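Analysis of the macromolecular model
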Amino acid sequence: GESVGLHLPTLSVQEGDNSIINCAYSNSASDYFIWYKQESGKGPQFIIDIRSNMDKRQGQRVTVLLNKTVKHLSLQIAATQPGDSAVYFCAENLYSGGGADGLTFGKGTHLIIQP
Amino acid sequence: DAGVTQSPTHLIKTRGQHVTLRCSPISGHKSVSWYQQVLGQGPQFIFQYYEKEERGRGNFPDRFSARQFPNYSSELNVNALLLGDSALYLCASSLAYRGPGNTIYFGEGSWLTVV
């Protein structure tokens, strides 16, 4: 089975609110985690990554939190905009971005922005 | 700078035929990976190539093969196509095989429909 999964298939938020997308992983040996955004008909777009020796990393309007104790990953998007509408995937990797097993993806969360 | 480029963008094949998909990585990237994304699911790892050698293989049958050329571009070949091979095939590139900061970037994919 998949070692990375998401709790909610769909998340609806109001424009301007903050969004939190959650992800659970099962392989405690994973040492690298990535969030991708995939718009309809396009390939996954890199958003932010985090290594297992960190518990928080911030980018532009996005923050990733890693809780290794409960094997949980979250993506926070500040001041959600219509352009944030997409499916968001978390992915994990055993070898810091590559290696024999590649990335393992979850099923994704569809973020819907309400006007 | 150009991102990961893939061709063709869309194609339709008949069961039993074979298909060749092509990928050019980001300039300077030496690693290419291939993923299959079935509608409604996250991408699944097929192969990783680095410096023209296969470095990783996912759980796909031998009908799937790939190679990487001296200019680091890559081809994915699928023989004896089945209806279940219908999917978006994604190519991803990264600077190195693995390691800290080895961000993996995806192309827009090749949509394959098998009829």
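Scroll up a little and you will see the structure.
The rules we used
- In every chain, residue numbers begin from 1 and rise along the written sequence.
- Ligands are numbered from 1 and chains lettered from A, in the order in which they are written.
- Reporting of local features is limited, given that this is a predicted model, to residues whose pLDDT is at least 70; pairs of side-chain atoms are given and counted only at 80 or more, and all residues count toward the totals for whole chains, interfaces and linings.
- The basis for every side-chain value is the complete set of non-hydrogen atoms in the structure, without hydrogens or water.
- Every helix listed is a DSSP run of H or I at least four residues long, and every strand listed is a run of E at least two residues long, numbered separately from the N terminus.
- Here's how the labels work: a residue is buried when its accessible area is under 20% of the maximum for its type, exposed when over 50%, partly exposed in between, all with a 1.4 Å probe on protein chains only.
- Accessibility throughout is a Shrake-Rupley quantity obtained with a 1.4 Å probe, and a residue counts as covered only by protein chains that appear here.
- His is not counted, nor are the chain ends, whereas Lys and Arg count as positive and Asp and Glu as negative.
- Taken as the charge centre is NZ of Lys, CZ of Arg, CG of Asp or CD of Glu, depending on the residue.
- Between N or O atoms, a polar contact is any pair within 3.5 Å; within protein, one atom must be a potential hydrogen donor and the other a potential acceptor, and residues adjacent in sequence are included only when both atoms are from side chains.

Counting secondary structure elements, chain B contains zero helices and 11 strands. Each helix and strand of chain B, ordered N terminal to C terminal, gives the series β-β-β-β-β-β-β-β-β-β-β. The 115 residues of chain B split such that 51% are buried. Just so you have it, chain B exposes about 5500 Å², and 50% of that area is on carbon and sulfur atoms. Seen as two clouds, the 10 positive and the 8 negative side-chain charges of chain B have centres 4 Å apart.

In this section: the side chain of B:Gln48. All names here are of chain B. Mapped onto the elements of the fold, Gln48 is located in strand S5 (residues 44-50). Gln48 gets classed as buried once you look at its relative accessible area, which sits at 2%. Reaching out from Gln48, the side chain makes a polar contact with the side chain of Ser31 at a distance of 2.8 Å.

In short, shape yes, function no, at least from these values alone.
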